Amino acid sequence: MASFRFIHAADLHLDSPFIGISGLDDNLRSFVQESTFRALERLVKLAIDQQVDFIVISGDVYDSSHISLRAQLRFLDFLERLGAEGIAVYVIHGNHDPLDSTKLSMKLPSHVHVFGVEPGSVTAKRRSDHQEVAVISGMSYPTSKVTDNIALRYPAPLSGLYHIGLLHANVDGDPQHETYAPCSRKDLIRSGYHYWALGHVHTRRTLQESPYIVYPGNIQGRHVRETGPKGCYVVDVDDNFNTRLSFRELDSMRWNIIEAPVDSCRDVDEWRRSLASILARTASENANQLSMVRVRITGRGPVHRQLEGGYVLDELLADLRRKEAAKGAKCGYRGCVWIESISLQSGDSFDTQRLLAEDSFVGDLLRLVRREQEHLQAPDGVIAASLEPLLEHAEIRALLEETTPDEIEDWVRRAEELTLGLLLRDRLQEEGAEP
Amino acid sequence: MRLERINIEGFGAIRDKTFSIHAPVTVLYGPNEAGKSTVLYFIRAMLYGFPGKGTPAERGEPAGEGVHGGELRFLDKEGIPWVIRRYNRSREGNTVFGKGERVHIHRQTDNGMVIELGQKELEQLALGGISKDMFRQLFAISLSELQEIRNLQSAEMSSYLFHAGIGGGAYILEAERKLLQEMDKLYKPRGKVQETAKLLQSIEHMRSRVMESQTFVARFNEVTTSILEIQERLNLLEQEYDRDAKDASLLRKALDIRPAWLEWREARLALNDLMSSEHFPPDGITRYEKLQDEERHLITQSMRIDQAIEDAVDKLGALPLNTFMEEYGERIEGLWAKRSLHEAGNRELAELTAEYKAQDIRLEQLLRDIDPAWTREKLLSLPISASDREEVRRLGAAFAGYDRRMEGLFIEQRAAQRAAAAAESVLREARRLLREEVARGQEAFAMIKPKAPHETAALWSQLQLEIEHWRERRLTRASSEPVSSRLTKKDSLLPRIHVRLLVGMAVMTLLLAGVMLWTSTPAAAGISSIVMLLGMGYVFWNGRHGREAQRSASADSQALDEGGIERVDQLYTRLVSSPYAAAASENTDGRRHQTAALTRDPVRVEVQMRELRAVMEGWQAWRQRLDRMTSDCAAAEEKAALQAAELKTVQSTVEQEERRYLELERQWEAWLKSRSLPQSLSPDVMFDVFIKVEQGQEFIRQQKSLGMRMDVLLREAEEYASQCSEIVAAESNEHIDSRNSVAELDHVHSRWKAYQEESRQRKVLADRIQELQNEAAAFAREREDVQQRKASLVELSQSADEESFLRMGAAAKRREELVQAIRHHEISMFSGWDDAGRLQLEQLLELTDAAGLEAQCLEKEASVSAAVRLRDELQERRGRLLQERESLESAGNQDSALQQLEEQRSALREVVAQYAVRSMASEFIKRTRRIYEEEKQPQVLLLASRYFSLLTGGEYSRIVMRMGDQSLLAERPSGQLVESSRLSRGTAEQLYLSMRLGLIQAMPHANGMPLLLDDLFVNFDGKRTGHAFRVISEMSQTRQIILMTCHQHVAEQVEAAIPGAQIITMQ
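Residues numbered from 1 in each chain as written. Chains lettered and ligands numbered in written order. Predicted model: local features only at pLDDT ≥ 70, side-chain atom pairs only at ≥ 80, totals over all residues. Heavy atoms only, no water.

Visitor: Would you explain helix α22 (residues 835-847) of chain B in this entry?
Guide: For an α-helix, 3.6 residues make a turn, and residues three or four places apart therefore share a direction. Residue and element names in this part refer to chain B. End to end, α22 covers 18 Å across 13 residues, agreeing with the expected 18 Å (1.5 Å per residue, within 8%). Restricting attention to buried positions, one finds in α22 the residues Gly837, Leu841, Leu844 and Leu845. One face of α22 carries all of its buried residues, which in axial projection span an arc of 95°. Relative to its buried face, α22 has exposed residues pointing more than 90 degrees away, namely Asp835, Ala836, Leu839 and Leu847. Tucked inside the fold, the buried residues of α22 contact α9 (216-273), α21 (802-830) and α23 (850-894). (Helix = DSSP H or I, 4+ residues; strand = E, 2+ residues; numbered from the N terminus. Expected span 1.5 Å × (residues − 1). Buried < 20%, exposed > 50% of the residue type's maximum accessible area, 1.4 Å probe, protein only. Arc of directions from axis to C-beta. Contact = heavy atoms within 4.5 Å.)

Visitor: What exactly am I supposed to notice about the pairing of strand β6 (residues 132-138) of chain A here?
Guide: The side chains of a regular strand alternate between both faces of the sheet. Residues and elements named next belong to chain A. Among the seven residues in β6, six count as buried, and that is most of the element. The pairing of strand β5 (residues 120-125) with β6 spans six bridges and is classified as antiparallel. Directly across from lysine 125, in β6, lies its bridge partner glutamate 132. Count of turn residues in the β5/β6 antiparallel hairpin: six residues, of which histidine 130 carries a positive phi of about 55°. The pairing of β6 with strand β7 (residues 162-168) spans five bridges and is classified as parallel. Among the inter-strand pairings, serine 137 is bridged to a residue of β7, identified as glycine 165. (Pairing = 2+ DSSP bridges.)

Visitor: Looking at this structure, I do not really get the pairing of strand β3 (residues 25-29) of chain B. What am I missing?
Guide: Residue and element names in this part refer to chain B. Where burial is concerned, most of β3 is hidden: five out of the five residues are buried. Residues Val25, Val27 and Tyr29 line one face of β3 and the alternating positions Thr26 and Leu28 line the opposite face, and both faces are buried. When β3 meets strand β13 (residues 1041-1045), the two strands line up parallel, connected through five bridges. Across the sheet, the residue bridging to leucine 28 is methionine 1044, located in β13. Relative to strand β14 (residues 1062-1065), β3 runs parallel, the two sharing four bridges. The residue of β14 that forms the bridge with valine 27 is isoleucine 1063.

Visitor: What is the right way to read the confidence of the model for chain B from this model?
Guide: All names here are of chain B. Residues with a pLDDT of 70 or more make up 86% of chain B, whose mean pLDDT is 80. Looking over chain B, one finds the lowest element-wise mean pLDDT in helix α17 (residues 578-598), namely 44, and the highest in β13, namely 90. Predicted confidence for residues 483-491 stays below pLDDT 50, and this span has five contacts to residues more than four positions away or in other chains. Confidence over residues 578-600 falls short of pLDDT 50; this stretch has 37 contacts with residues more than four positions distant or in other chains. (pLDDT = per-residue confidence, 0-100.)

Visitor: Any chance you could explain the state of the cysteines here in plain terms?
Guide: Two cysteines form a disulfide when their sulfur atoms are joined by a covalent bond. Residue and element names in this part refer to chain A. Applying the stated rule across the entire model yields zero disulfides over all chains. Distance from the sulfur of cysteine 336, which forms no disulfide, to the nearest cysteine sulfur (cysteine 331) is 3.8 Å. Given the relative accessible area of 1%, cysteine 336 is considered buried. (Disulfide = S-S within 2.5 Å.)

Visitor: Please explain helix α28 (residues 1048-1057) of chain B as it appears in this structure.
Guide: All names here are of chain B. Val1050, Ala1051 and Val1054 are the residues of α28 that are buried. Seen along its axis, α28 keeps its buried residues to an arc of 100°; they face one direction. Of the surrounding secondary structure, the elements contacted by the buried residues of α28 are β3, α27 (1022-1035), β13 and β14.

In structure tokens, the structure reads:
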């Protein structure tokens, strides 16, 4: 029995495009594009600094079946650098980079082991004395769709070494992720492995501690739903197989969602100031990263109308982005805040309940909206009718198909607010004049 | 409002027509052109003014002359009568204000008064604020207006058409429009300019780029493989090429050097055959030839020098020596030098001679000037000392003094003579005057007795005194007499005054006393009467005293008068006598008588005295004149004596002067004689003589010095000439005149100059000959030396003679050439080749002939160049591939297409979201609006629907208004909707009428406004016409209705349907 240390990383998604951001200038775009590689770089550095014995990567090294040349070259570089240090690398491929995807025709260095289409095992040695310390099992996705429970096919532990299973799967069928290689926690516990090094789910979580069933999450957040710090686990295993995990951040760009309520603001300027302070706070909290922020404007107040109509938000956004881009170009984007998007979820300050009860055009309209909200999917409903013209274009159609019900609901809500704002302009002005 | 009376004075075709209306429903019935519509227009015009000329029918301007306008009477809501009169002013000839109209709006007040109001008040008070247009479109309608459905869409009316709660629906429509606009900006299904279109385009673009970048990996693999293959082939090719290239180069070299190689071999053979020449000195031939050349050169030089010496000697012989020139050269030179001096002397001599002669002539002239008899000797002997000059000057001055004095004396003498003559004549004149005066006086004053004037004067003064006394006395008496006489007259007058005064005083006194007494003051009376009495007494006394004093004064002077007269007479007679006195005595006699009488009449005395005084005064004046003349005469005498004395004195002085002059004359003549000068000379002239003498003496002195100078010059000239002649003689051995010899010297001198030049040349030639001889000797020595050196050279080569020396030299030269050629060939053939290579080459050349070499070489070279081409090609391909791989790598590294695609998609998503939101909002509004249109109709439409239902007899249930375009729809009871444009004409008109009726009824402020319908029912069928009348009947409950029709049946129907309807038939 010998102690050793390894790094568990997954879902590198090298050269992954970053979804949902727009309005980047070239500098920032290259910074953003580079972020996955930057995380990879940090991983190398971490491995060398921590003097780990090997690294396991649980699938999705690349982002898509069309793997970019850059990603492959950079990954090759990564492997070579680790090889120079004598750090072994054990890799499985996942649904995003299955074995059938186009890869560079190259011979892998000897210190790298990529598992094949059938589950297999290799023995890992300690760097210091080449003592065998662990058995690592794994399997790569032959194609992007693996729908059977491959965990069951993993070889049973034989020797008395520490057993690590590399698996790219959605354990217990997390509905937020595509369900590939479905398996249950029980299956894994039953296998007798000491450490299940999982990949696929990008949210870091430890499903079980004995044995360890761990999703380290991806090493770099890629869109607004992947918020918070991202990185890998440094795993220390002592003589008695006591396993200790420590999370290490690798990301250079971090996603956040912040809320900027309009309730208490009397005018746009006030709201803008409050937003500025919130952004400043975010920046100081993530001083070493670029913060990618989605601003959700919430609450009800007169500011809403100004934000909804006109170009206030567009201008504000452009302004903030311009400033940050300028700042970032100088300081390398550390501690900068880039607003990914602004989501206008606020509303005007009217009493919807009262309006709902009113025998008026607005009342009727609100009641209609409420009825429609009940049946978002109705084929002859308002939503279907209003989205219909958009369906003509394939690109937009594809976008709409991706749209979640939440988003649709959000749109309906915004439409309601917009309508009310337009129809009740006079009334609002009168009310506004009263105090 | 209820119309009562329509009075058309002139409108359209109607003239002077009056209608009285009293029923709720009135029908104006008449055939076409009866003027029904005109009535409608007239009512409109009356209420709202004449329309413009653009609508002539509605304006109703009469065709002919006449008034345009009329009068309208109506009752307002409160039943108050109004009268409107309106006339077109332009019809009244007031063309300037063509548009104007004359309006009178009268309204009766409660108390029966009539007030005049304006159009505005009319509209407000009587017409319920309904505008002109609205009246025209809703209340006074003809068919044409009925069909203008868009009239209903005016903003004014739309407020009636929509539900009050949604603010007329404008906001809804605006909101919808705004949303649609925004949507249009964001997206249109086939739009090109919308944001989405741009985004989609760029997404398309990005997609293609992504596709491209996805091929990078495969391409990279391909390229890498190709590169490896090419590398392999290149390596093989390289080896092959190296071998072939080496062979080819050997062959080529052999081929190249083959001619040289042949020569080389030949040269080596020749060298072996060549005779020995090892003792031949290096450069032997060259050195020998050089010495030969040197010798030849030296020979030529010495020959040249000999020739030169010969020439010089010949030239020297041509220049002989001249003894004469040798001997006399120096002297000739000296004389030549002095020649200019000699000529100058000659010139000076000539000048001096001329001057000497001129001096002679001037001297002669001078002597003649002084005196013709004078000679040089005299001139020279005349001394001119200072004392002589002084003497002459003194004498001259004495003569001059004499002249001056004589001149003064002559003038003096003449003046004295003139003064003496003048004094004489004055004396004569004075004496004549005196005589004349005496004679005149004696004649004039002959009567005066005394001869002595002083006696006369004394008598006269005495007489005057007496007269004065007399006059005084007489005057004293004469003044007292008249006074007394006057006094007497006064006396007679004064007493009268006194008397009256006295009487008055007395009366006063009495009265006063009486009054005093009466007033019982006796004391006062007494005093006052006393005072009065005293006053009376003074007055009385005073008058008496004055008269007394005057009377006594005149009595004394009478006696004194008598004595004075006598003395006067006495004196008078003593004074005056002779002829005059006789006359005077007569007078005196008379006067005496008179005097006698004068004692009583002094006036006569006074006359006498006055005459006497005049005479005496004349006399006294004459006496004075006489005295003055006498004294003048005496003064003239004295002066004449004085002048004569002066004249005498002057003459004596003249004589004295003349004596002194003679003395001077003597002295001067003595002086002249002593100097033997002509006697005629005056001292003044003497001074000129002095000057001339001095000049003459000067001339003589100058002549003397000139003569001396001339002598010297003459001597010098002669000496020079003798010297010259000596020389000339010596040259030509014959005597030559000295004068000519001077000229000859010129030639001699020039010959001497030529000779000098020749001598110099001779000297030069001698020097030259000496030099040449030296040179010739030097050349001879050098030649000897060269011959010696040549001999030693020959000896050195061990050859027998010069000929064999030369042969040996040729052989040595040949050997040298051959060795050099061999070395040269070797270098050119084998340089850069090692021994092995050289050996290979030599073998190759030995074994193969030229043609064989050529063929082999070409073959090898062809294969080499083919290899090179192939190699280049492969290298280029490899380069291209490497470049491609590199560019792929960098493209891959810089590729951001996917990221940009995502960004564009995000942007698109955002736009889509915006669009979706707006689209939904728009849809919500649209649907709600539909609810409104379908379920919630506004009041107007409800009313209109009811009328429509009534009019159509229930064929249609209601009218619906679509919100978007506000078009009207008719709904059947079944719920079927028909657009108004699709309705039949009659039904459509019924629909519009219903809308109008609904609108009218929905306007609360328009309550009671009359409704005028101009033949609206022509398109209605009988049944619906009936329905219409029922509706009208119903409406007539609340408002007056006037129908116009040209159909009798209509009129009849109305009469039947509406009891109490008034039918007015128009013709």
